[in-house]
Amino acid sequence: MDQESALEELVVTATHTPKTLMDVPVVTRLISLPDIKKVDATNIQDLLTQELPGLEFGLAMSQETSLNMSGFGGNAVLFLVDGERMAGETMDNTDYNRLNLDNVGKIEIVKGASSALYGSNAVGGVINIISRESTEPWTANVNSRYSTTGDEWRNSASFSFNKGKWNSQTNFQQTKIDPIKLSSGPTSEEKALAALLGQTVEEDKSNVKKLFGQESYNIKERLKFSASDHLKFIARGGYFYRESQRETYNYHFNGYSGGLKTLYDWKDGKNLEVSYAYDQYDKANYTPDGIRTHDHDYRNSQHTVHALYNHLFNKKNVLTVGADFLHDYLTTYQFLDNSEHDQNNVDAYAQFDYNPTKRFNVVGSVRYDHFSASNQGALTARLATVYKFNKVTFRANYANGFRAPSLKEMYMHFDMGNMGYMIIGNPEVK
């Protein structure tokens with residue numbers, strides 16, 4: 001995709017209202033479908049690392065993937081799939097293995113505080129992965145890829161049809177990565193080269209001698225029904241399974257997701273969106289013989305109800321109002337007495353998109369969140385403006401953000417065993 005056509009593509013994450021990339025007042029990065037195909041990455045980590053300067057992935061405890069984006073960790077960067085949150089975390093990060101690229105149409109990234117529209121965890125930015133919608137009568141694709149780096153196999157299949165009022169997209173992906181033994185020190189060739197250069201190389205003193213292998217399965221379905229020119233329904237569902245192979249036991253991860261969205265468009269600048277989403281993420285440990293190491297492992301489930309209304313004034317200014325209800329539930333053996341905890345997050349927000357001229361745009365947003373577990377609220381705001389000169393575009397933004405404590409941070413009570421310390425949550429943290 002050339003630069004001019006990319007600037008004309010519509011984005012929604014930064015303002016909740018469709019704007020071309022060149023007109024959006026909040027600095028937004030778009031990774032389009034041609035970009036995704038050109039990079040030819042096999043997973044979301046490789047794609048984002050290549051496309052976003054200042055973003056990197058590493059390994060945290062238990063070799064789970066961790067994120068750093070301009071100094072912010074994974075618990076301060078909100079990942080969305082078609083605007084919906086994901087349950088569960090591994091070492092304060094989303095399980096990025098759930099995010100396969102087979103049905104992705106584009107990815108929109110907003111860096112900086114975005115809590116005025118997305119609440120907690122958006123203090124460092126938002127990454128919204130948007131599904132592709134097929135326009136062909138039908139498509140079918142089966143492919144298999146092998147990477148010699150890490151002995152990785154990826155097999156996938158997709159099928160879509162677009163007939164009459166129905167549009168369906170089905171995707172399946174299976175990935176297998178063999179374990180990798182790491183060298184305990186420099187090779188003989190490295191030592192010889194160092195000697196020629198009059199240098200020495202140090203032995204590796206780290207405890208990591210092997211990168212664990214894993215296998216995952218991911219299946220997703222997205223079904224759209226256009227009842228009329230004004231009314232549309234979108235249903236989605238998915239299942240994810242990952243097994244990470246360790247020395248003495250294996251980690252098993254399961255993800256379940258589903259949702260229904262209703263869109264009504266009056267075709268005069270007024271539209272309404274109402275949705276329900278469910279997401280669940282489970283973890284369990286098993287011995288090689290198939291025996292669970294705990295009777296009570298980890299389950300995080302989230303129910304989200306969302307409503308959004310846009311109203312057009314004078315054919316150019318838009319008022320957006322919205323509200324969400326999120327029920328968050330977590331149970332884990334890392335809680336005292338294997339207990340369970342939940343909380344409700346209720347929010348309401350408003351935004352006014354003011355366009356006095358074709359060159360000048362101001363967007364102001366305000367939001368209030370309330371969390372039942374801590375009985376605390378947060379008020380956030382953002383003001384963004386853009387002015388387009390003939391050859392130069394000027395943008396200025398002010399925004400504030402916040403992150404509410406997670407249920408794990410509030411109630412965790414876990415003995416780290418051979419590491420010699422306890423992790424104890426704080427229910428009073430605000």
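All figures in this text were calculated on a predicted structure; none of them were measured in a lab.

## Some details on the overall build of the protein
Helix and strand content of the protein: six helices and 26 strands. For 430 residues, the compact-globule estimate of 2.2 N^0.38 gives 22 Å, and the C-alpha radius of gyration of the protein, at 24 Å, lies within 12% of that figure. Out of the 430 residues in the protein, the part that is buried amounts to 42%. Across the protein, every contact between residues at least 6 apart in sequence was considered, and the portion connecting residues at least 24 apart equals 57%. Carbon together with sulfur atoms contributes 56% to the accessible area of the protein, which is approximately 22,100 Å² in total. Charged side chains of the protein number 44 positive and 52 negative; the gap between the two group centres comes to 8 Å.

## Topic: the pairing of strand 11 (residues 152–163)
Inspection of the sheet shows strand 10 (residues 138–147) paired to strand 11 by ten bridges, in the antiparallel sense. What sits directly across from V142, in strand 11, is A157. Note: strand 11 against strand 12 (residues 166–177), twelve bridges, orientation antiparallel. Each residue of the ladder has a partner; that of R154, found in strand 12, is T175. Remark: two residues form the turn of the hairpin made by strand 11 and strand 12, two consecutive strands paired antiparallel; G164 in that turn has positive phi of roughly 60 degrees.

## Let's talk about the side chain of S374
By the element assignment, S374 lies in the loop between strand 22 (360–371) and strand 23 (376–388). Filtering out sequence-adjacent residues up to four positions away, S374 remains in contact with Q343, M410, V429 and K430.

## Examining unusual backbone geometry
Of note, the phi angle at K267 is positive, near 70 degrees, even though the residue is not glycine. With respect to the helices, strands and loops of the structure, K267 is situated in the loop between strand 17 (250–265) and strand 18 (271–286). Of note, N314 is a non-glycine position whose phi angle comes to about 55 degrees, a positive value. With respect to the helices, strands and loops of the structure, N314 is situated in the loop between strand 19 (298–313) and strand 20 (317–332).

Conventions adopted
- Residue numbers restart at each chain and count upward from 1, following the sequence in its written direction.
- In view of the model being predicted, local features appear only for residues whose pLDDT reaches at least 70, and side-chain atom pairs are presented and counted only at 80 or more, with totals across whole chains, interfaces and linings using the full set of residues.
- No hydrogens and no water enter the side-chain calculation; it runs on all heavy atoms of the structure.
- Starting at the N terminus, helices and strands are each numbered in turn, a helix being any DSSP run of H or I of at least four residues and a strand any DSSP run of E of at least two.
- We compute the radius of gyration over the C-alpha atoms and compare it with the globule rule, which gives 2.2 Å times the number of residues raised to the power 0.38.
- For each residue, the accessible area found with a 1.4 Å probe, counting protein chains only, is set against the maximum for its type, and the residue is called buried under 20%, exposed over 50%, and partly exposed in between.
- Contact definition: two residues touch when any of their heavy atoms are within 4.5 Å.
- Here the open area of atoms and residues is found with the Shrake-Rupley method and a 1.4 Å probe, where only the protein chains shown may cover a residue.
- As used throughout, the charge tally considers Lys and Arg to be positive and Asp and Glu to be negative, leaving His and the chain termini uncounted.
- By convention, the point assigned to a charge is CZ for Arg, NZ for Lys, CD for Glu and CG for Asp.
- Strands qualify as paired when DSSP identifies two bridges or more between them.

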